[in-house]
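Notes for the structure review
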Amino acid sequence: MAPTVAACQLTIADLSVETNAERVCDCVAELEDAVDVAVFPEQTLTGFVPDDRIVDAALPRDSEPITDLQSVADRRDTALVVGFVEADGDDRYNATAYLDRDGERTVYRKRHLWGGERKWLTPGEELVTVDTPVGEAGLLTCYDLNFVDDSAALAREEVTALLVVGAWPAAYSENWRLLCRARALDGVRWVVAAGRTGERDVPDARTATYAGRSLVARPDGGVHRALDRQPGTLVAHLDPATLATQRELIGVFSA
C-alpha cells in the first residue's frame, strides 16, 4: 500500500508560539485518517524576526509545545515534521523536529543559514535521516536545497525521500520549485516540501512575503502535486512502484 503524505501550507504568526501551535493542531485534526507523515513549514512554531526577540521566542526541543505535538502525532497515528527556533543553552538554531507516531523525536538543525539568520542563529553540523512510514528520509530546511554536496551525501539507495520545510521568499518562488525538483531528480527519490505562505508583519521588523508553493516532486524530477500561494493542505500517495521504475531506468544505485 502506498504511504500517504501531506504538505501543510500555513501562514505563521511570528513570535506567537501558542497561536502557531493551535494552527498546527487544527490542520492535523482536518487531515485524512490515512495520512502517514505531515510536513509543516520552516519555523512553524516560533516564526522568525532578525532581532533579539527571537531569542526569547525560541523553544527547547523538550518544551511543552513540542511535547504536546508529539502527543498529537501519537493520537492521530501521523508523524509530524515541524520547524521551530530551538533554544539550547546560549545558542539558537533553526531546527526541524520529526515527531514519530511511536513517540520518537529527532531534531535536525539547518546547516546553511540565510540572511538575517546568520546574526542570531548557529548553523547545525550534521545531516540527519529518519526512519519514516515512507522509508528512510533526509531532513532539509529551505536554503539547504541550494547546496548540492548535501543532496549528494543523502543520495543513497536507502534514502527514498527528502522532507523539506521552507519559508522561501515569494519573489524567488520559481527557484524553490526548481530546486525541489532537482533534489528529487539528482537523488532519484521523492521530495515532500511544505512552504510558508502569507507575510511577516511584525512591528519594527522588515515585512517579508512568502512563496507558499508547497509540492511533492517525483523521483524523475516532475511535479506530482502542488499548491500555489493560498493556505491549504496537499495530500499525495507515494507509489513505491514509481520510485522503483525510475531507479531501474536511471541506474544510479546499480552502476
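What comes next is a walk through the structure. (Residues numbered from 1 in each chain as written. Predicted model: local features only at pLDDT ≥ 70, side-chain atom pairs only at ≥ 80, totals over all residues. Heavy atoms only, no water.)

Quick look at the sheet that holds strand E5 (residues 105-109) now. Across the sheet, six strands lie side by side as E5-E4-E3-E2-E1-E14; this open sheet has mixed pairing. Each having just a single partner strand, E5 and strand E14 (232-237) make up the two edges of the open sheet. Strand-to-strand, the axes of this sheet are offset by a mean angle of 30°, without reference to chain direction. Here strand E1 (residues 4-9) pairs with E14 via six bridges, running antiparallel. Residue pairing for E14: Val 5 is matched across the bridge by Ala 236. Docked against the sheet, helix H3 (residues 64-76) engages strand E3 (79-88), strand E4 (91-99) and E5, running at close to 170° with respect to E3. (Pairing = 2+ DSSP bridges. Helix = DSSP H or I, 4+ residues; strand = E, 2+ residues; numbered from the N terminus. Axes fitted to C-alpha atoms, helices over the stretch in contact; angles between N-to-C directions. Contact = heavy atoms within 4.5 Å.)

A rise of 1.5 Å per residue sets the reference length of H3, with its 13 residues, at 18 Å; its end C-alpha atoms lie 18 Å apart and thus fit the reference within 8%. For H3, the set of buried residues is Ile 66, Leu 69, Gln 70, Val 72 and Ala 73. Relative to the axis of H3, the buried residues are bounded by an arc of 160° and lie together on one face. Exposed and oriented more than 90 degrees from the buried face of H3 are Glu 64 and Arg 75. (Expected span 1.5 Å × (residues − 1). Buried < 20%, exposed > 50% of the residue type's maximum accessible area, 1.4 Å probe, protein only. Arc of directions from axis to C-beta.)

At their nearest, the axes of helix H1 (residues 17-29) and H3 sit 11 Å apart, and the two run at 5° to each other. In this view, H1 runs roughly parallel relative to H3, as classed from their interaxial angle. Residues Val 17, Val 24, Cys 25, Val 28 and Ala 29 of H1 pack against Pro 65, Leu 69, Val 72 and Arg 76 of H3. For the contact of H1 with H3, the class distribution of residues is eight nonpolar, no polar and one charged. (Parallel < 35°, antiparallel > 145°, perpendicular 65-115°, else oblique. Nonpolar A, V, L, I, M, F, W, Y, C, P; charged D, E, K, R; others polar.)

This next bit is on the packing of aromatic side chains. Under the criterion given, the structure shown has three aromatic pairs. Taking 5.1 Å as the distance between ring centres and 85° as the angle between the ring planes, the aromatic pair formed by Tyr 143 and Phe 147 counts as edge-to-face. Take Tyr 143: its relative accessible area is 18%, and that puts it in the buried class. With centroids separated by 5.7 Å and ring planes inclined at 45°, the aromatic side chains of Trp 168 and Trp 176 adopt a geometry described as tilted. The class for Trp 168 is buried, based on a relative accessible area of 9%. The class of Trp 176 is buried, set by a relative accessible area of 0%. Through a chain of ring-to-ring contacts, the aromatic side chains of Trp 114, Tyr 143 and Phe 147 assemble into a single cluster. Sitting above the plane of the Tyr 93 ring, Arg 109 keeps its charged end 3.7 Å from the centroid. (Phe/Tyr/Trp six-rings, centres within 6.5 Å; stacked < 30°, edge-to-face > 60°. Lys NZ or Arg CZ within 6 Å of the ring centre and 35° of its normal.)

Applying the stated criterion across every chain yields a total of 17 salt bridges. Sharing partners across several salt bridges, the network here consists of Arg 61, Glu 86, Asp 88 and Arg 109. (Salt bridge = Lys/Arg side-chain N within 4 Å of Asp/Glu carboxyl O.)

Given 3.6 residues to a turn, an α-helix orients residues that are three or four positions apart in the same direction. Taken residue by residue, helix H7 (residues 240-250) has Leu 243, Gln 246 and Arg 247 as its buried positions. Buried residues along H7 cover an arc of 100° about the axis, so they all sit on one side. Exposed side of H7, more than 90 degrees from the buried face: Thr 245, Glu 248 and Leu 249 are the residues found there. The inward-facing, buried residues of H7 abut strand E8 (159-166), helix H6 (173-187) and strand E9 (190-195). A side-chain oxygen of the first residue of H7 lies 3.0 Å from the backbone nitrogen of Ala 241; this N-cap is Asp 239. Immediately beyond the C-terminal end of H7, within one or two residues, lies Gly 251, with a positive phi of roughly 75°. (Polar contact = N/O pair within 3.5 Å; in protein donor to acceptor, adjacent residues only side chain to side chain.)

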